[in-house]
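Notes for the structure review
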Amino acid sequence: MASHTADTAAHPRFAEALRDLGLDVEIRRFPDATRTAVEAAEAVGCELSQIVKSLVFEADGAPVVVLVDGASRVDVELVRRALDTGEVRRASAALVRETTGYAIGGVPPFGHRTRTRVLADRRLLDHGVVWAAAGTPHAVFALDPTSLIAHADGTLADVRETAV
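A brief look at the structure comes next. Remember, predicted model here, so these are calculated numbers, not experimental data.

Within the largest apolar cluster, 30 residues are counted, with the highest numbers of intra-cluster contacts made by Phe14, Ile27, Leu67, Phe110, Phe141 and Leu148. Among the secondary structure elements, those contributing two or more residues to this core are helix H2 (12-21), strand E2 (51-59), strand E3 (62-69), helix H5 (93-100), strand E5 (117-121), strand E6 (130-133), strand E7 (139-143) and helix H6 (145-151). Those residues in contact with Phe14, other than ones at most four positions away along the chain, are Tyr102, Pro108, Phe110, Ala134 and Phe141. Residues Ala59, Val66, Val68 and Val74 belong to the second largest nonpolar core, which totals 13 residues.

Here you go:
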């Protein structure tokens, strides 16, 4: 039943990625878009920090996906250091779609159109279960953070802004 749910609730590309990985995850679909982490946390009924934001940046012109909890902001200087690269900036909406195959607000942590380097903030491991977009702003899925980061082929790093 869960795979049927994934087929209908998740974006078709993401549903295919789940099948290819042999993952049977709970997908929740919402009538209203959950484009922000706050909206997603409210819809799921979880803590904001249990939402995984999949954000695309450009590092010296090359796309990189950064996974960070919904309560945090990415520190681009920490991303730059983790990648040992020059300039890091937010990717345009066009580059996000071209790289991942998904629109901003629905980008999942894996199942992207092209293989892209992934950095995962270490704080995601603070939770037993996290929720991430399932390819659309209307659907999220739950997974333990260690598995999620492994399936994303993510490298653990400290990339979130910290209070000064």
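From this point on, the discussion continues.
What follows concerns the side chain of Glu58. As for its position among the elements, Glu58 is in strand E2. Non-local contacts of Glu58, meaning those with residues more than four positions away in its chain, are made with Glu87, Val88, Arg89, Arg90, Ala91 and Leu95.

Right, let's get into unusual backbone geometry. Here the phi dihedral of Asp84 falls at roughly 50°; this positive angle occurs in a residue that is not glycine. In this structure, Asp84 sits in the loop between helix H4 (76-83) and strand E4 (88-90). What makes Asp84 exposed here is its relative accessible area of 73%. The phi angle at Asp153 is positive, at roughly 55°, despite the residue not being glycine. Turning to its location among the elements, Asp153 is positioned in the loop between H6 and strand E8 (154-157). Here Asp153 falls in the partly exposed class, since its relative accessible area comes to 48%.

Moving on: helix H3 (residues 37-44). Within H3, the full set of buried residues consists of Ala37, Ala40, Ala41 and Val44. Seen end-on, H3 carries its buried residues on one side only, within an arc spanning 100°. For H3, the elements touching its buried residues are strand E1 (27-29), E2, E6 and E7.

Parameters at a glance
- Residues numbered from 1 in each chain as written.
- Predicted model: local features only at pLDDT ≥ 70, side-chain atom pairs only at ≥ 80, totals over all residues.
- Heavy atoms only, no water.
- Core = buried A, V, L, I, M, F, W, Y, C linked by side-chain atoms within 4.5 Å.
- Buried < 20%, exposed > 50% of the residue type's maximum accessible area, 1.4 Å probe, protein only.
- Helix = DSSP H or I, 4+ residues; strand = E, 2+ residues; numbered from the N terminus.
- Contact = heavy atoms within 4.5 Å.
- Arc of directions from axis to C-beta.

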